[in-house]
Amino acid sequence: MPDGMSVAEPVAMNVARRSRAWSRDAVLLLALALLPTTLGGFWVYGIGVCMANAMAVLSVSFLLRYGGEVSIGHSFFLALGAYTVAILERQAGVSVAIGLPVAALAGVLLGLGFAWPSRKLSGIYLAVATMALALAVPELILQLGPVAGGYEGLYVAKAPLPGIPLDLQRYYLPLVVLAMAVVLLRRFRHSRQGLALLTARDHPRAAEAFGFSRGFARLAAFAISAGIAAIAGALLAFSASTVSPNSYTLWTAIYLLVGSVISLSGLGLVAALVGGAFITLVPQLLAAWGDWVPILYGFALLVVVILGDRPAETLTKLRGRIGGGRHG
Amino acid sequence: MADALTAEGINLAFGGHRVLTDVSLDFRAGQITGLIGPNGAGKTSLFNCLTGLYQPQQGSIALCGRRIEALPPARRAREGLARSFQHVALCPDLTVAENVMFGRARLGKAGWFDAFLPLPRGRAEAAEARAAAEKVLARLGLSAFSEALPASLPPGTQRMVEIARAIVAEPRVLLLDEPAAGLNAAETRHLTEALRALAAPDLIMVVVEHDMDLIMQVCDRIHVLNFGRRIASGTPAEIRADPEVVRVYLGDPDD
Ligand SMILES: Nc1ncnc2c1ncn2[C@@H]1O[C@H](COP(=O)(O)OP(=O)(O)O)[C@@H](O)[C@H]1O
Ligand SMILES: [Mg+2]
């Protein structure tokens, strides 16, 4: 047996790193909270959308982290959340304050609905199955008819809180929800369900031998991920102020995955914001440089192939190589 | 038999390849039973049948008189079966203490709200789980490693952590698959003592192991498998004296 000293040091380092991460996140949140006092409306709008996108990246990262699976279909759950908010506002006159929890519930339920029939699939096969979801989204939205506003989509303009300017609410709601999500996910990591999902991801047989079936692990990981994605969609609808079918294409789903990989599928605040910034900016840049589209497409495909069957393991290795950045 | 894990007429094949042929044996409470045999004899496969990871084509399995062969692995865990794996199966992202805590996660009542929110019941339960894990780690002399990640530990220590994970929920059946593989002499002595200390009147304990000194020292009874068949059962002395066992397994291959 090696002597205790050899492991005491990394342990102390872990503790120190964790408390550093807390204070870094606190500073970052404070800065984000103060930004609207100094920045113009364009930036406030852009960063608001970026934080909603960060939440969307978290949903894909959660599935990678806890389910060990790749999704190229999360635009479906994003659209689900966004349209839930928009349609509820239009039809029932309620704001995102009601729309968001309804969206989260719908996301979890449809996540379960998708995960159950696909529970035997994994790796590239599951990724392709999720892709079918993404491909169906625009058509599904149009099928809803005038309720969903067709190609033009719908506006989301109802303020959840009275007395505060709407453009500030469009900024602070995603900030508050994102911060809460990061904190709740950090707690989840230490819960018995969190331990079970992580073990099931790496050693499904060990998880089974200790009472957690593969079906449970898949359904739980997917349902939570879909719930986070639907919340992100609700935030996105509110912060961007519109929903329309062309915001939820296969491309959206691919950006989400690439954004998650670029942030090393971290579940911390910084990782989420990096991924969120990526998927906020890249479509803008692509609009300017149309020639780059095929290259990005190829890159995205490469990412899926490299992650392959053991995405969690591959990412862990990557993370280790890039400097031990164990986010969240 | 009342206090025993019994397998009757187990037949297991993969494609045309027969792995277990008509294996019938029992493991009794209060005893440490050794399961030995050459590599490929089917020891791990038998464990997998007992825990439900493999579905034998034929045969029945009963725990204390209750048939369990139709239960999925997760349900058998709830019946009190726990095991370690020949190839260490700890989660690399979890600390040693967390890996051990997972061993009793199924006993928890904390729901999904507890998983995300700091509610009193979930917190109390998590503290309880941590205390139980620390206690088991201390019992196996592993306290110094509780905050370490498994990959930073030598293979022998990782195996001990697997044992800790298996016993933390106080199972009725403990199946250990080659716990001494990769251990040095001092570690093996430590393990031998630990196994002896684990024995309890109501615990059914089974050890698959190639280290014959360890097997002969800790086991009350031994079953011998060869090419998927049970060829002998008995006390360590009987097994050592069994001519067929000596010929196929214990004998010096140079003879
Ligand atoms: N999942 C499996 N698929 C095919 N063959 C298997 C499988 N598991 C075990 N076997 C075969 O069963 C035989 C017994 O293996 P095992 O139970 O691991 O032996 P032991 O643990 O005694 O060394 C070996 O020939 C092995 O190749
Ligand atoms: Mg084996």
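Now for a description of the structure that goes with this document. (Residues numbered from 1 in each chain as written. Chains lettered and ligands numbered in written order. Predicted model: local features only at pLDDT ≥ 70, side-chain atom pairs only at ≥ 80, totals over all residues. Heavy atoms only, no water.)

1. Section: the coordination of the magnesium ion (ligand 2)
Moving on, step 1. Bound to the magnesium ion (ligand 2) are the protein donor atoms B:Thr44 (OG1) and B:Gln86 (OE1), situated 2.0 to 2.1 Å from the metal. Of this pair, B:Thr44 sits in helix H1 (residues 43-51) while B:Gln86 sits in the loop between strand S6 (81-83) and helix H3 (96-102), and the two are 42 residues apart along the sequence. (Donors = N, O, S within 2.8 Å, 3.2 Å for Na, K, Ca; no water. Helix = DSSP H or I, 4+ residues; strand = E, 2+ residues; numbered from the N terminus.)

2. Section: the sheet that holds strand S3 (residues 32-36) of chain B
Residues and elements named next belong to chain B.
Moving on, step 1. Across the sheet, six strands lie side by side as S6-S7-S8-S3-S9-S10; this open sheet has mixed pairing. For this open sheet the edge positions go to S6 and strand S10 (229-234), each flanked by a neighbour on one side alone. Looking at each pair of strands side by side, their axes are set apart by 20 degrees on average, direction ignored.
Moving on, step 2. Direction of pairing for S3 relative to strand S8 (residues 204-208): parallel, over a ladder of four bridges. (Pairing = 2+ DSSP bridges. Axes fitted to C-alpha atoms, helices over the stretch in contact; angles between N-to-C directions.)

3. Quick word on a nonpolar patch on the surface
All names here are of chain A.
Moving on, step 1. A cluster of nonpolar side chains, contributed by Leu121, Ile124, Tyr125 and Val128, occupies part of the molecular surface with about 370 Å² of accessible area.
Moving on, step 2. Position of isoleucine 124 relative to the elements: it lies in helix H5 (residues 123-143).
Moving on, step 3. When its relative accessible area of 33% is taken as the criterion, isoleucine 124 is described as partly exposed. (Patch = residues over 30% accessible without salt bridge, like charges linked within 9 Å, V, L, I, M, F, W, Y side chains within 5 Å. Areas by Shrake-Rupley, 256 points an atom, 1.4 Å probe, with all protein chains shown as cover. Salt bridge = Lys/Arg side-chain N within 4 Å of Asp/Glu carboxyl O. Buried < 20%, exposed > 50% of the residue type's maximum accessible area, 1.4 Å probe, protein only.)

4. Observations regarding the interface of chain B and chain A
Moving on, step 1. Taken residue by residue, the interface counts 49 residues in chain B and 35 residues in chain A.
Moving on, step 2. Roughly 3,600 Å² is buried in total at the junction of chain B and chain A, and carbon and sulfur atoms are behind 67% of that figure.
Moving on, step 3. On inspection of chain B and its partner chain A, the count reaches two salt bridges.
Moving on, step 4. Two residues, A:Arg201 and B:Asp93, come together in a salt bridge whose shortest N-O distance is 3.1 Å.
Moving on, step 5. The interface formed by chain B and chain A includes eleven residue pairs in polar contact (both at pLDDT 80 or more).
Moving on, step 6. Going through the elements one at a time, helix H2 (73-78), S6, H3, helix H4 (112-116), helix H5 (120-139), helix H6 (155-167) and helix H7 (185-198) of chain B are the ones with two or more residues in the side of chain B that touches chain A.
Moving on, step 7. Among the elements that take part in the side of chain B that touches chain A, H4(B) stands out by supplying four residues, more than any other.
Moving on, step 8. When the residues that make up the side of chain B that touches chain A are grouped by side-chain class, the tally is 31 nonpolar, seven polar and eleven charged. (Contact = heavy atoms within 4.5 Å. Buried area = accessible area lost by both parts, 1.4 Å probe. Polar contact = N/O pair within 3.5 Å; in protein donor to acceptor, adjacent residues only side chain to side chain. Nonpolar A, V, L, I, M, F, W, Y, C, P; charged D, E, K, R; others polar.)

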